[in-house]
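One-letter residues, chain by chain:
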Amino acid sequence: RRGRGFRRPCTGGTILSRSPGRTFSSDPLARVTMGQDVNGNAHVPQHQRPRRNRKTEAIRSMVRETIVTPQNLVLPLFVHDKDKSEPISAMPGCSRHSIDSLLKEVGEALELGVNHSVIFPKIADNLKDNLGTAAMDPKGLVPTCVRAVKSKFPNAYMWTDVALDPYSDRGHDGVLSNDSLHGDDGHARILNDLTVEQLCKQALCHAQAGCDVISPSDMMDGRVGAIRETLDTHGYSDVSIVSYTAKYASGFYGPFREALDSAPRATSSQNQDTAAAPPPNKKTYQMDPANKREALREALLDEQEGADMLMVKPGLPYLDIILLLKEETQLPIAAYQVSGEYAMLKAAALNGWIDEKAAVLETLTCFKRAGASCILTYYAKDAARWLR
């Protein structure tokens, strides 16, 4: 073959190609196919060079496609009815807050540009029952916290979680049946419609306290429409609903459940046993991690029922779901970087295995790149400082 670059075989030494300016060596590590520019330097004949847009920070920052700001972040905060905050062992850097420390956290977040916070309560065992009655108490922990925050920081945007698991004596997001009819593997069922009725009362209680956003995390069918109707008919049409649309039955919730003592229980904390044992997990209402198309079905229903934003939880393992909902619906998408994700990053950072700042900001960028408009993260304050 007598094409360009033809090389005569040899047993060693240096040989010349038929192309001017090219020298070849028997050394396998030598540049045997590299061209040269007019100055004799190595040259790849390529006009398109993507690295030119990455050569300096001035260029990188100008062409950056995805930018995270503190305004994209929501700070989750745990509260309890004690006078002092308590550290959460599984979530270093996070605590259960008293009202005073809650106000301090919200104030610091506002100064950093994090305008949104969401409250999760740890409820005393003696207040828990199957109906989650304490969730509707206007003098309860969450309404009291909301009123305190809005009184001191009127411009703070307060979200509240709407679900029964912190208030349930069995740690479930809904009301349990007294029988096992149609139950999973002989266990009691979660009664969908009765639960929705309780959630509507809880949402109204929070709206009356002054919250800005209701975020139902229970995954009951039809609860978004029912809550929207309840809020509208009582004069709270301006209160937003951020629906936990694709909340998966994930293994990443462990630290959160420790923080609130909200894991499913085999027996009632009040010794109020039902005829059938409660389900050992939340798989009959939270989504199967193996399912993708089901998330779109949930999203379209929530959109029709009046949700203002759709949430995907957990976050990083479900970037494909964030992208799917972003492309297939008209609503903004929220992502929740859950407690297990936080705990893994924090543990690796404390052990010196990762650069915490770099890893956290990378994950937040991934959420935004996939299509999330807002990100719930326990790193909200730290990230805001780093972004500055």
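Residues numbered from 1 in each chain as written. Predicted model: local features only at pLDDT ≥ 70, side-chain atom pairs only at ≥ 80, totals over all residues. Heavy atoms only, no water.

Named according to an unreviewed UniProt entry, the chain is Delta-aminolevulinic acid dehydratase originating from Bigelowiella natans. Regarding the chain, the UniProt comment filed under Pathway (unreviewed entry) reads as follows: "Porphyrin-containing compound metabolism; protoporphyrin-IX biosynthesis; coproporphyrinogen-III from 5-aminolevulinate: step 1/4." Recorded under Catalytic activity (unreviewed entry), the UniProt text for the chain is reproduced unchanged: "2 5-aminolevulinate = porphobilinogen + 2 H2O + H(+)". (UniProt positions renumbered as here; feature names shortened; annotations may be inferred.)

Student: Explain the pattern of salt bridges to me, using residue names and the numbers behind them.
Tutor: All chains considered together, the criterion is met by 20 salt bridges. E57 is the salt-bridge partner of R60, the closest N and O atoms lying 3.2 Å from each other. Note that R60 and E57 are positioned in helix α1 (residues 57–63) at a spacing of three residues, about one turn of the helix. Accessibility expressed as a relative area gives 41% for E57, which makes it partly exposed. Where E105 meets K381, a salt bridge forms, and the shortest distance between an N and an O atom there is 3.1 Å. Residue E105 is found in helix α2 (residues 99–111), and its partner K381 is found in helix α11 (residues 380–387); the two are separated by 276 residues along the sequence. As far as the burial class goes, E105 and K381 line up, both buried. Connected through salt bridges with shared partners, the residues K104, E105, E108 and K381 form a single ionic network. (Salt bridge = Lys/Arg side-chain N within 4 Å of Asp/Glu carboxyl O. Helix = DSSP H or I, 4+ residues; strand = E, 2+ residues; numbered from the N terminus. Buried < 20%, exposed > 50% of the residue type's maximum accessible area, 1.4 Å probe, protein only.)

Student: Give me the UniProt feature "active site" (unreviewed entry) in the chain: which residues, what numbers.
Tutor: Sequence positions flagged by UniProt for "active site" (unreviewed entry) are, in local numbering, K247 and K313. A stretch of 67 residues holds the annotated residues, and the largest C-alpha distance among them is 4.8 Å, short enough that they meet in one place. Residues that both appear in the annotated list above and line the largest cavity are K247 and K313. One can find K247 in strand β13 (residues 240–247). With a relative accessible area of 6%, K247 lands in the buried category. (1 Å grid on protein atoms, 1.4 Å probe; cavity = no way out; pocket = protein on both sides within 12 Å on 5 of 7 lines; lining within 4 Å.)

Student: Explain unusual backbone geometry to me, and be specific about the residues and the numbers.
Tutor: The bulk of non-glycine residues show a negative phi, and the bulk of peptide bonds are trans. Here the amide bond leading from K313 into P314 is cis, since omega sits at -5°, within 30 degrees of zero. In this model, H182 sits at a positive phi of 65°, which is unusual for a non-glycine residue. Along the chain, H182 turns up in the loop between β10 (175–176) and β11 (190–191). The class for H182 is exposed, based on a relative accessible area of 71%. The phi dihedral of M219 falls on the positive side, at around 70°, and the residue is not glycine. Here M219 shows up in the loop between β12 (213–216) and α5 (223–233). Using a relative accessible area of 4% as the deciding quantity, one classes M219 as buried.

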